[in-house]
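Working through the structure, step by step
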Amino acid sequence: TKIGIDAGGTLIKISYLEEETIRYRSFQTQHIGEAASWVNDHFRNPKICLTGGKSQVFAEELDVSTHSVLEFEATTRGITYLADEDGHSLGSHFLFVNIGTGTSMHYVKNGTQERVGGSGIGGGTLMGLAYLTTGMTDYDEIVRLAGIGNRGNVDLKVKDIFEGAVPPISGDLTASNLGKTAFMMQNPPTQQDTLASIIGLIGEVIVTISSQMAAHYNADSIVYVGSSFRDNPIIREIIETYAWMIGKKPVFLQHGDYSGAVGALLAV
Ligand code: ATP
Ligand code: MG
């Protein structure tokens, strides 16, 4: 069996071929032994290619020898394959943004990628800020609660500042993420509200940086990948809205969280 594994800072993503169909499976990097046992027990004579920052650590836990590919190359290859599978036409050049534990941005031209930027604001920031503000650590629970929160109780909008007056830009834009402090002191937000605003902060920071990057490189499409989009409609919606606002086409891939793993699988 051919297996491609992307061992990241937070999650280990595994893609493998079963009767010519790609299957997907992931584990917490925290439980790296569990993931390795699953691979060791589940496959006979596997051919494994690894990528991601935890490749080395993961390889040492496996029963068979493996080879590895550079993460940025694997992700580029995986994105190209998955976009094609989803029927997206990316053209000869595009930008991709990988929101993993941290965030990395890449410009791809004629199949060759160049890392053009990044940010420490990413999926790990969501987990960390959620923990600091609510004590919660379960990703699914965090995004579920955020989904019923009201950002209006935490974020300051332009129209909140331009009370009664006509603002020079859309009043619905965020003036200050988490900035409605005076209001919050009188009306403490719920955990749901706080979590929704944390996701808003991350989404807006990343879409702002990546849109400017796309403008700089004159790229029409921005592909957003990484597990931070898993079951997280809030962040998708923010990115979608803002990207279109500045005329860039946001692309989300069905298995975008597995782009590195699929790229590794293609390199087996
Ligand atoms: P990096 O590439 O930066 O080394 P990574 O590859 O592990 O990290 P991803 O798997 O792309 O990163 O994304 C990790 C993020 O996805 C987490 O920080 C969290 O926001 C989100 N996430 C989605 N599902 C889960 C989950 N089951 N457990 C923890 N985090 C999750
Ligand atoms: Mg990663």
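Residues numbered from 1 in each chain as written. Chains lettered and ligands numbered in written order. Predicted model: local features only at pLDDT ≥ 70, side-chain atom pairs only at ≥ 80, totals over all residues. Heavy atoms only, no water.

1. A short note on the site of ligand 1
- In the neighbourhood of ligand 1, 19 residues make up the surrounding shell, with Gly9, Thr10, Lys13, Thr101 and Ser227 lying closest.
- In this structure, glycine 124 approaches ligand 1 through a main-chain N or O atom, which is 3.2 Å from an oxygen atom.
- Serine 228 is positioned with one of its backbone polar atoms (N or O) 3.5 Å from an oxygen atom of ligand 1.
- For ligand 1, whose free accessible area comes to 650 Å², the fraction covered by protein is 87%.
- Taken together, the elements giving at least two residues each to the shell around ligand 1 come down to strand 2 (11-18) and helix 4 (123-134).
- Of all the elements, helix 4 adds the most residues to the shell around ligand 1, at three residues.
- Here the shell around ligand 1 is composed, by residue class, of four nonpolar, twelve polar and three charged.
- Domain assignment of the residues forming the shell around ligand 1 places at least three in each of domain 1 (1-88 + 256-268) and domain 2 (90-252). (Near = heavy atom within 4 Å. Polar contact = N/O pair within 3.5 Å; in protein donor to acceptor, adjacent residues only side chain to side chain. Areas by Shrake-Rupley, 256 points an atom, 1.4 Å probe, with all protein chains shown as cover. Helix = DSSP H or I, 4+ residues; strand = E, 2+ residues; numbered from the N terminus. Nonpolar A, V, L, I, M, F, W, Y, C, P; charged D, E, K, R; others polar. Domains from an automatic or database assignment.)

2. So, the domain arrangement of the chain
- Domain assignment breaks the chain into domain 1 (1-88 + 256-268) and domain 2 (90-252).
- Relative placement of domain 1 and domain 2: their C-alpha centres are 27 Å apart.
- Domain 1 puts 17 residues into the contact, and the matching count from domain 2 is 18 residues.
- On the domain 1 side of the contact with domain 2, Phe72, Ile79 and His88 bury the most area, a combined 39% of that side's loss.
- Run the count over domain 1 and domain 2 and you get one salt bridge.
- Here domain 1 and domain 2 share four residue pairs in polar contact (both at pLDDT 80 or more) between them.
- Of all the secondary structure elements, the ones that give two or more residues to the side of domain 1 that touches domain 2 are strand 2 and helix 3 (71-86).
- Counting residues per element, the side of domain 1 that touches domain 2 draws most heavily on helix 3, at seven residues.
- Looking at the side of domain 1 that touches domain 2 residue by residue, the classes come out as five nonpolar, eight polar and four charged. (Contact = heavy atoms within 4.5 Å. Buried area = accessible area lost by both parts, 1.4 Å probe. Salt bridge = Lys/Arg side-chain N within 4 Å of Asp/Glu carboxyl O.)

3. What about the sheet that holds strand 5 (residues 67-68)?
- Strand order across the open sheet formed by five strands is 3-2-1-4-5, with mixed pairing between neighbours. Each of the sheet's edge strands pairs with one partner strand only, and the pair in question is strand 3 (21-28) and strand 5.
- Note: strand 4 (residues 47-51) against strand 5, two bridges, orientation parallel. When the bridges of strand 5 are listed, cysteine 49 appears paired with histidine 67.
- Against the sheet, helix 1 (residues 32-42) contacts strand 1 (2-7), strand 2, strand 3 and strand 4, and its axis sits at roughly 10° relative to strand 2. (Pairing = 2+ DSSP bridges. Axes fitted to C-alpha atoms, helices over the stretch in contact; angles between N-to-C directions.)

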